[in-house]
Amino acid sequence: MVKWFTRRVNVGHFIGQWIESQKKSTFDVTNPYNGELLCKTTNCDIHEAEKAVHAARKSFQKWSLETTPKQRGAILRKWFDIFVAKEAELARVLTLEQGKPLAEARGEIQYSAAFFDWYAGEARRIYGQTAEEAGMPPGVFNVITADQNRTAAISKYVCASTDVDVISFTGSTAVGKLLLAQSASTVKRVCLELGGSAPVLVFESADLDVTVKGAMAAKFRGSGQTCVAANRFFVHQKVRCASNRFISLGYKMLY
């Protein structure tokens, strides 16, 4: 087991505090590169999902009515500061768990932190662990960890719960359709960012060096699994004449 992760073994999920699942079940988190065990984490089920939803609903009044916009903004700003301070640490976690390049992992942490920065300002206008450190009230922010066998049941419960007002999901179109259908009975708001169909257009005036660099990043970032990954190329006929150079440049970038 990787030493860095040892303090996170069996920590449970976060609902104002780190707790174990009722059945004390866990699942392995492994490095996809070499299969090395990184840690064991709580394998939640419907019981834990219900606790998380109820905790969020119960804490909503305290968060929205008993704190001022300035106080909420300050908490979000502190969360942003913690994300920035722990960028290298959090990026390493993503790389070890997902196998993505460290540079991409750092970019993902920076992108995530930007949301806290934005909403910290918006909170004043009224229109996981870092959350705990930032002072987020118990129950406002909850983490439910589960393996693939239990995720579907938990998602179905969350979609059908009348205590959940909004579902936000980024992933495949097939899963997005399923979540939308499961949320229909409660007519809740659903925000979906699903798989795209992104083309790359290469015009006659294109600088091949710049084009190839951008095209390779668009196609292979996140091992080609990002929702905006390029999936087809439209290349001007005159540029196609230089296809060998285009391919050669791309190959060099990969290897």
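The sections below set out a description of the structure shown in this document. Small disclaimer: the values here were computed from a predicted structure and weren't measured.

If you check helix 2 (residues 69-85), its first and last C-alpha atoms are 24 Å apart, about what 17 residues at 1.5 Å a residue would give, namely 24 Å. Among the residues making up helix 2, those that are buried are Arg-72, Gly-73, Ile-75, Leu-76, Trp-79, Phe-80, Ile-82 and Phe-83.

A few words now on the nonpolar core. Judged by nonpolar contacts, the single largest core of 16 residues is most densely connected at Leu-76, Trp-79, Phe-83, Ile-109, Phe-116 and Met-136. Mapped by element, the contributors of at least two residues to this core are helix 2, helix 3 (87-98) and helix 4 (102-125). No other element matches the six residues that helix 2 contributes to this core. Residues Ile-154, Ile-167, Phe-169 and Leu-179 belong to the second largest nonpolar core, which totals eleven residues.

All right, on to the pattern of salt bridges then. Going through the model one piece at a time under the given rule, you end up with six salt bridges. A salt bridge links Asp-163 to Arg-57; its shortest N-O distance comes to 3.9 Å. With its nearest N and O atoms 2.8 Å apart, the salt bridge here joins Asp-117 to Arg-77. Pair noted here: Asp-117 is in helix 4 and Arg-77 is in helix 2, with a separation of 40 residues, a long-range link. A relative accessible area of 30% places Asp-117 in the partly exposed class. Looking at Arg-77, the relative accessible area reads 35%, which means it is partly exposed. In the salt-bridge network here, residues are joined through shared partners; they are Arg-57, Asp-163 and Asp-165.

Each regular strand shows side chains that alternate between the opposite faces of the sheet. Here six bridges tie strand 6 (residues 166-171) to strand 7 (residues 189-194), and the two strands are oriented parallel to one another. Counted as the bridge partner of Val-166 is Arg-189 from strand 7. Once the chain exits strand 6 it traverses helix 7 (residues 173-183) before rejoining the sheet at strand 7, and the crossover so formed is right-handed.

Criteria and cut-off values
- All residue numbers refer to position in the chain's written sequence, counted from 1.
- Residues qualify for local features only when their pLDDT is at least 70, as the model is predicted, and side-chain atom pairs are given and counted only at 80 or more; totals for whole chains, interfaces and linings, by contrast, use all residues.
- Computation of side-chain values covers all heavy atoms of the structure but excludes hydrogens and water.
- By the criteria applied, helices consist of DSSP H or I runs no shorter than four residues and strands consist of E runs no shorter than two, each listed in order from the N terminus.
- To estimate the expected span of a helix, count its residues, drop one, and scale the result by 1.5 Å.
- For every residue, the accessible area obtained with a 1.4 Å probe (protein chains only) is divided by the maximum for its type, and the residue is called buried under 20%, exposed over 50%, and partly exposed between those limits.
- Only buried residues count toward a nonpolar core. Its members are Ala, Val, Leu, Ile, Met, Phe, Trp, Tyr and Cys residues joined through side-chain atoms within 4.5 Å.
- What makes a salt bridge here is a side-chain nitrogen of Lys or Arg within 4 Å of a carboxyl oxygen of Asp or Glu, nothing more.
- Strand pairing is assigned whenever DSSP identifies at least 2 bridges connecting the two strands.
- When the strands point away from the viewer and the connection leading from the first strand across the helix to the second strand turns clockwise, the crossover is called right-handed.

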